Amino acid sequence: MADIFTADFWAKYGPLLLDGTWDSLVMVVISTVFAYILGLPLGVLLILTGDHGIRPHKALNRVLAWVINVGRSLPFIILMVAIMDFTKLIVGTKIGVKGAIVPLVISAAPFIARMVETSLSEVDAGVVEAAQSMGASTFQIVWKVYLPEAKPSLILGGSISVITILAYTAIAGAVGAGGLGDLAIRYGYQRRVPSMMLVTVIFLIVLVQIIQSVFSRVSNRIDKRLK
């Protein structure tokens, strides 16, 4: 594995690693955006319709909780294979970067919904009651109370969500989704190039550290409790 320090290794595999890193980042960014578009409203609905929510609705809350729990229970690689026909219907292909985005979104959205629910549940009930007493609508309470008050926690939860999706992209590489996971499988395992396996792992570790550091720093800056 000492060949990772040689110019020949980087001349041969460097472009592949750059492309793989780019593909992984594209999958992570696009999937995270769409997963939050689905997961954020679900998490808000769970809080609003809960027993102590401002719009309690036991039946709806139970249905939402059941759907989210089912979504979180499915192993990602099984989900990815199971919905390949649906993926092709949506994006026109079952493989590659585009083919990975649909299952990534479907798998991450329930996870994000629970993260959002947990963050919003930490908001002081007194603040919510004060907004209600002043005649604020449900939308205003969500937009001006719940989300702003829970922002530091939501951002920290965002780091966990992004890192989880990054891990899913590596798993997706096992079925030809592209990215660093695909390189690890094709070169590190199938072609017996252990150096490629090592480098892809290092790249993933570096990406995780960067993501966690950025999100933690942003969360600390906006957390009123730390000022």
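The rules behind these values
- Residues numbered from 1 in each chain as written.
- Predicted model: local features only at pLDDT ≥ 70, side-chain atom pairs only at ≥ 80, totals over all residues.
- Heavy atoms only, no water.
- Helix = DSSP H or I, 4+ residues; strand = E, 2+ residues; numbered from the N terminus.
- Buried < 20%, exposed > 50% of the residue type's maximum accessible area, 1.4 Å probe, protein only.
- Contact = heavy atoms within 4.5 Å.
- Areas by Shrake-Rupley, 256 points an atom, 1.4 Å probe, with all protein chains shown as cover.
- Lys, Arg positive; Asp, Glu negative; His and termini not counted.
- Charge placed at Lys NZ, Arg CZ, Asp CG, Glu CD.
- Axes fitted to C-alpha atoms, helices over the stretch in contact; angles between N-to-C directions.
- Left-handed = near helix turned anticlockwise from the far one by under 90°.
- Nonpolar A, V, L, I, M, F, W, Y, C, P; charged D, E, K, R; others polar.
- Salt bridge = Lys/Arg side-chain N within 4 Å of Asp/Glu carboxyl O.
- Core = buried A, V, L, I, M, F, W, Y, C linked by side-chain atoms within 4.5 Å.
- Patch = residues over 30% accessible without salt bridge, like charges linked within 9 Å, V, L, I, M, F, W, Y side chains within 5 Å.
- Parallel < 35°, antiparallel > 145°, perpendicular 65-115°, else oblique.

1. Thoughts on the overall build of the protein
In terms of helices and strands, the protein carries ten helices and zero strands. Taken from N to C terminus, the helices and strands of the protein fall in the order α-α-α-α-α-α-α-α-α-α. By principal-axis analysis of the C-alpha atoms, the protein measures approximately 70 × 45 × 25 Å. Here the protein, with 227 residues, has 43% of them falling under the buried criterion. Restricting to contacts in the protein with at least 6 residues of sequence separation, those with at least 24 account for 70%. In the form shown here, the protein has an accessible surface area of approximately 12500 Å², with 67% of it arising from carbon and sulfur atoms. Here the protein contributes 19 positively and 13 negatively charged side chains, and the mean placements of these two sets differ by 3 Å.

2. Brief notes about the packing of helix 1 (residues 7–49) against helix 2 (residues 58–73)
It is the contact of helix 1 with helix 2, at a shortest axis distance of 9 Å, that shows an interaxial angle of 145°. As helix 1 runs across helix 2, the sense of the crossing is left-handed. Contacts between helix 1 and helix 2 involve Leu42, Leu45, Leu46 and Thr49 from the first element and Lys58, Leu60, Asn61, Leu64, Ala65 and Ile68 from the second. Per-class residue counts for the contact of helix 1 with helix 2 are seven nonpolar, two polar and one charged.

3. Describing the pattern of salt bridges
Applying the stated criterion across every chain yields a total of three salt bridges. With a closest N to O distance of 3.2 Å, Asp85 and Lys94 form a salt bridge. Here Lys94 falls in the partly exposed class, since its relative accessible area comes to 31%. Between Arg114 and Glu117 there is a salt bridge, and its shortest N-O distance comes to 2.6 Å.

4. Some points on the nonpolar core
Judged by nonpolar contacts, the single largest core of 48 residues is most densely connected at Leu120, Tyr146 and Met196. Contributing elements (two or more residues each) for this core: helix 1, helix 3 (76–82), helix 5 (96–121), helix 6 (125–133), helix 7 (138–149), helix 8 (151–172), helix 9 (179–190) and helix 10 (194–222). If near-sequence neighbours (up to four positions away) are discounted, Tyr146 is found in contact with Ile47, Leu48, Leu120, Val123, Val128 and Ile141. Leu46, Leu64, Ala65 and Ile68 belong to the second largest nonpolar core, which has five residues in total.

5. Remarks on a nonpolar patch on the surface
A cluster of nonpolar side chains, namely Val29, Ile30, Val33, Phe34 and Ile37, defines an oily patch on the protein surface of about 430 Å² accessible area. Topologically, Ile30 is positioned in helix 1. A residue is classified by how much of its surface remains accessible, and Ile30, at 32% relative accessible area, is partly exposed.

6. Let's talk about the side chain of Ser161
By secondary structure assignment, the location of Ser161 is in helix 8. Residues contacting Ser161, with those up to four places away along its chain left out, are Tyr36, Phe111, Ile112 and Met115.

7. Details of the environment of Trp10
Here Trp10 is to be found in helix 1. Considered as a pair, Trp10 and Val29 are 19 residues apart in the sequence and their alpha carbons are 26 Å apart. Excluding its chain neighbours within four sequence positions, the residues that come into contact with Trp10 are Ile4, Pro15, Leu17, Val199 and Phe203.

8. Topic: the packing of helix 1 against helix 10
Helix-helix packing is described using two parameters, namely the angle between the two axes and the distance between the axes. In the contact formed by helix 1 and helix 10, the axes pass within 11 Å of each other and the chain directions differ by 40°. Judged by the angle between their axes, helix 1 and helix 10 are oblique. Regarding helix 1 and helix 10, the two cross each other, and that crossing is right-handed. Counting all contacts with helix 1, which are made through Phe9, Trp10, Tyr13, Leu17, Thr21 and Leu25, the residues of helix 10 involved are Ser195, Met196, Val199, Thr200, Phe203 and Leu207. Broken down by class, the residue content of the contact of helix 1 with helix 10 amounts to nine nonpolar, three polar and no charged.

9. A closer look at the environment of Gln212
Note on placement: Gln212 falls in helix 10. Between the alpha carbons of Gln212 and Gly158 there is a distance of 9.4 Å; along the sequence they are 54 residues apart. Aside from chain neighbours lying at most four places away, what touches Gln212 is Ser159 and Ile163.

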